[in-house]
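The chain contents come next:
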Amino acid sequence: MKNKLVLSSHNLDANSVQSHLKEIVTQESMDNIISLLKICDAGKYAPDGLEKEATILSDMKEMMKQIDKEIG
């Protein structure tokens with residue numbers, strides 16, 4: 001996401017991403033993005049994030065395709 005949207009790593013928190021994309025993507029996409037970011041963040045500190053590890057890459061891939069459609 002950071003490469004596609006030209007964000008620095010320290011701007012990948014939910015608030016920064018939301019601020020950057022609020023005028024670009026739909027609310028549904030924004031909700032999905034925030035959800036995935038929270039899962040990634042939780043994976044650093046809690047076992048719940050590790051449970052989602054198997055699907056996070058495919059979920060992120062699908063989300064990036066949706067964003068491409070919206071901003072393209």
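Owing to the predicted nature of the structure, the values given are computational and were not obtained by experimental measurement. Just so you know, the residues in each chain are numbered from 1, in the order the chain's sequence is written. Only residues with pLDDT of 70 or above have their local features reported here, since the model is predicted, and side-chain atom pairs are shown and tallied only from 80 upward, although totals for entire chains, interfaces and linings are computed over all residues. To obtain the side-chain values, all non-hydrogen atoms of the structure were used and water was disregarded.

S.K.: So what about the overall build of the chain? Which residues, and what values?
M.R.: Each helix is a run of H or I in the DSSP string that is no shorter than four residues. Each strand is a run of E no shorter than two, and both are numbered from the N terminus. Summing up its helical and strand segments, the chain has four helices and zero strands in all. From first element to last, N terminus to C terminus, the chain shows the α and β order α-α-α-α. Each residue is assigned to one of three classes by its accessible area relative to the maximum for its type, calculated with a 1.4 Å probe on protein chains only: buried under 20%, partly exposed between the two thresholds, exposed over 50%. Burial statistics for the chain: of 72 residues in total, 25% are counted as buried. For the chain, the proportion of contacts with a sequence separation of at least 24, taken over those separated by at least 6, is 44%. Residue exposure ignores everything except the shown protein chains as possible cover, and the areas themselves are Shrake-Rupley values with a 1.4 Å probe. By element, 51% of the accessible surface of the chain is carried by carbon and sulfur atoms, the whole surface being about 5100 Å². Residue contacts are counted whenever heavy atoms from the two residues lie within 4.5 Å of one another.

S.K.: Explain helix α4 (residues 53-71) to me, using residue names and the numbers behind them.
M.R.: Here the expected span of a helix is defined as 1.5 Å times the quantity of residues minus one. Its 19 residues give α4 an end-to-end C-alpha distance of 27 Å, which sits within 8% of 27 Å, the value for a rise of 1.5 Å per residue. Residues of α4 that are buried include every one of I56, M60, M63, M64 and I67, and no others. Buried residues along α4 cover an arc of 105° about the axis, so they all sit on one side. Opposite the buried face of α4, at more than 90 degrees from it, the exposed residues are A54, K61 and K69. The directions considered for the arc are those from the helix axis to the C-beta atoms.

S.K.: Please provide a residue-by-residue account of the pattern of salt bridges, values included.
M.R.: Salt bridges are defined by distance alone: a side-chain nitrogen of Lys or Arg within 4 Å of a carboxyl oxygen of Asp or Glu. Tallied over the entire structure, the rule returns one salt bridge. The residue E62 makes a salt bridge to K65 at a minimum N-O spacing of 3.6 Å. In this pair, E62 and K65 both sit in helix α4, three residues apart, roughly one turn of the helix.

S.K.: Quick rundown of the environment of D31? Include the residues and the values.
M.R.: Its location among the elements puts D31 in helix α2 (residues 27-45). As a C-alpha pair, D31 and Q18 span 13 residues in sequence and 9.1 Å in three-dimensional space. Pairs of N or O atoms within 3.5 Å make up the polar contacts considered here, provided that, within protein, one atom can donate a hydrogen while the other can accept it, and that residues adjacent in sequence are counted only when both atoms are side-chain atoms. For D31, the side chain forms a polar contact with the side chain of Q27, separated by 2.8 Å.

S.K.: Give a description of the nonpolar core that names residues and reports values.
M.R.: Among the buried residues, those of types Ala, Val, Leu, Ile, Met, Phe, Trp, Tyr and Cys that are joined through side-chain atoms within 4.5 Å form a nonpolar core. Counting residues in each nonpolar core, the largest one holds 13 residues, and the members touching the most others are L21, V25, I33, M63 and I67. Of all the secondary structure elements, the ones that give two or more residues to this core are α1 (14-21), α2 and α4.

S.K.: Describe the confidence of the model for the chain, naming the residues involved and giving the relevant values.
M.R.: Overall, the predicted model of the chain reaches an average pLDDT of 78, with 71% of residues at or above 70. The lowest-confidence element of the chain is helix α3 (residues 47-51), averaging 62 in pLDDT; the highest-confidence one is α4, averaging 84. How sure the predictor is of each residue is captured by pLDDT, a score from 0 to 100.

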